[in-house]
Every structure is written in structure tokens, then in C-alpha cells.
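Examining the three-dimensional arrangement
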Amino acid sequence: MRTQRDDELADPQLPPAERKVLQSLTNHWAGLTVFLDQPDVPLDHNTAERAQRGPVVGRKNYYGSGAEWSGRLAAMLFRLFQTLSLANLNPHAWLTAYLTACAEAGGEVPADAERDLPWNLSDEQKRAWSQDREPHPTDTS
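All values reported here derive from a predicted model rather than from experimental measurement. (Residues numbered from 1 in each chain as written. Predicted model: local features only at pLDDT ≥ 70, side-chain atom pairs only at ≥ 80, totals over all residues. Heavy atoms only, no water.)

Overview of the nonpolar core
In plain terms, the rule: Only buried residues count toward a nonpolar core. Its members are Ala, Val, Leu, Ile, Met, Phe, Trp, Tyr and Cys residues joined through side-chain atoms within 4.5 Å. Only protein chains enter the calculation, and the probe is 1.4 Å; a residue is then buried if its accessible area is under 20% of its type maximum, exposed if over 50%, and partly exposed in between. Numbered from the N terminus, helices here are DSSP runs of H or I no shorter than four residues, and strands are runs of E no shorter than two.
Grouped together as the largest cluster of nonpolar side chains are 9 residues: Leu 84, Leu 89, Ala 93, Trp 94, Tyr 98, Cys 102, Ala 113, Leu 121 and Trp 129. In terms of residue count, helix H7 (residues 91-104) provides more of this core than any other element does, 4 residues in total. Ranked by size, the runner-up nonpolar core spans 5 residues in total, among them Leu 9, Leu 14, Leu 25 and Trp 29.

Side note on H7
Where we set the bar: An expected span of 1.5 Å times one less than the residue number is assigned to each helix. Only heavy atoms matter for contacts: two residues are in contact if any of them lie within 4.5 Å across the pair. Whenever two N or O atoms come within 3.5 Å, that pair is a polar contact, provided that in protein one can donate a hydrogen and the other can accept it, and provided that, for residues adjacent in sequence, both atoms are side-chain atoms.
Helix length check: H7, at 14 residues, gives a terminal C-alpha distance of 20 Å against a target of 20 Å (1.5 Å per residue), a fit within 8%. The complete set of buried residues in H7 reads Ala 93, Trp 94, Tyr 98, Ala 101 and Cys 102. Residues of H7 that are buried make contact with helix H6 (68-86). For H7, the capping residue at the N-terminal end is Asn 90, with a side-chain oxygen 2.8 Å from the backbone nitrogen of His 92.

As for the packing of aromatic side chains
The condition is simple: The rule is short: rings of Phe, Tyr and Trp, with Trp giving its six-membered ring, pair when the centres are within 6.5 Å, and they are stacked under 30 degrees, edge-to-face over 60, tilted in between. Counted as over-ring charges are cases with an Arg CZ or a Lys NZ within 6 Å of the ring centre that also lie within 35 degrees of the ring normal.
Taken as a whole, this structure holds 1 aromatic pair when the rule is applied. The ring of Trp 29 is capped by Arg 5, whose NZ or CZ atom sits 4.9 Å from the centre of that ring.

A few points about the confidence of the model for the chain
Under the convention used in this document: pLDDT measures how confident the predictor is about each residue, on a scale from 0 to 100.
Taken over all residues, the pLDDT of the chain has a mean of 84, while the share at 70 or more is 88%. The least confident element of the chain is helix H5 (residues 46-58), whose mean pLDDT is 73; the most confident is helix H2 (residues 16-27), at 95.

Observations concerning the side chain of Gln 125
As for its position among the elements, Gln 125 is in helix H8 (residues 123-128). Other than its neighbours up to four places away in sequence, Gln 125 contacts Arg 115 and Asp 116.

Digging into the pattern of salt bridges
To keep it simple, the criterion reads: Every case where a carboxyl oxygen of Asp or Glu lies within 4 Å of a side-chain nitrogen of Lys or Arg is listed as a salt bridge.
Counted according to the given criterion, the structure contains 3 salt bridges. Arg 5 serves as the salt-bridge partner of Asp 6, at 2.9 Å between the closest nitrogen and oxygen. Taking relative accessible area as the criterion, Asp 6 reaches 36% and is therefore assigned partly exposed. Judged by its relative accessible area of 7%, Arg 5 falls in the buried class. The partner of Arg 115 in a salt bridge is Asp 116, and the shortest N-O contact between them spans 3.4 Å. Members of the salt-bridge network, linked through shared partners, are Asp 112, Arg 115 and Asp 116.

Structure below.
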């Protein structure tokens, strides 16, 4: 590809638009081929794009019908879900356990809610709520 690029750039009859594209290819060649010398660099960035898809697709919807509280709620939940993900916790399992504790506390925040924070979990809780376990069945309620 580099040889073909250089051969085409050497053509004095090359139209200006094509020359501009090939010159850009020359200028960015090191970045475009970094994965050849560094195999740990992925060929694509699909993982990062998929991680942003939910918030990006829904960003206007999460604002509701002009209600600021819904935008703040969405931002808080995105932070919560990312924190759970970084702690390798399944959000469905964690939320089920936390909301069950709220229900058992009469619909209030449990007095010992701090124990359910990802960094305060017991080893047993971490195993039970891990993302590495089989996924929960789809909620059909």
C-alpha cells in the first residue's frame, strides 16, 4: 500500500484532490500502521464505541421532556453502571440485591448501605455479583 501510495504521488498528472488524500495518508502513516509493530494495539476501536453507544444514542431522550432531574438521574446511573463495570460486577445482580435490601428496609435506603458499595463488598458478594458468572435471564415482567 505504501509503494502504491508513493507511486501515485510521483505522478505529476495526479488530480489535486487525490494528491491531498494521499498526502494525508503519508502524514498519518505511522498512526495507521501502529498495530503492525505493537500487536497489543487493536485494529479497530469497536469496544470503545460500543461502550459509548447507549449514552450517545439516548442522550436527548434521557433529558425527558425538559426535566433536568431526568438528565441528572441518567448521568448518575451512567456513573453507577460504569463503576460496577470497573469493579467487574453485574449491574443487574448488584441492583437486584440493593433494591431488595431497600424493600426489606421498608422502601428506604438501608441503614448499612455503605456495605453494598463496590469497594466494600465481601468476597462472597463479589463472587455472587460478578460479571464472569452466567448472565441473568431476561426480565419478562
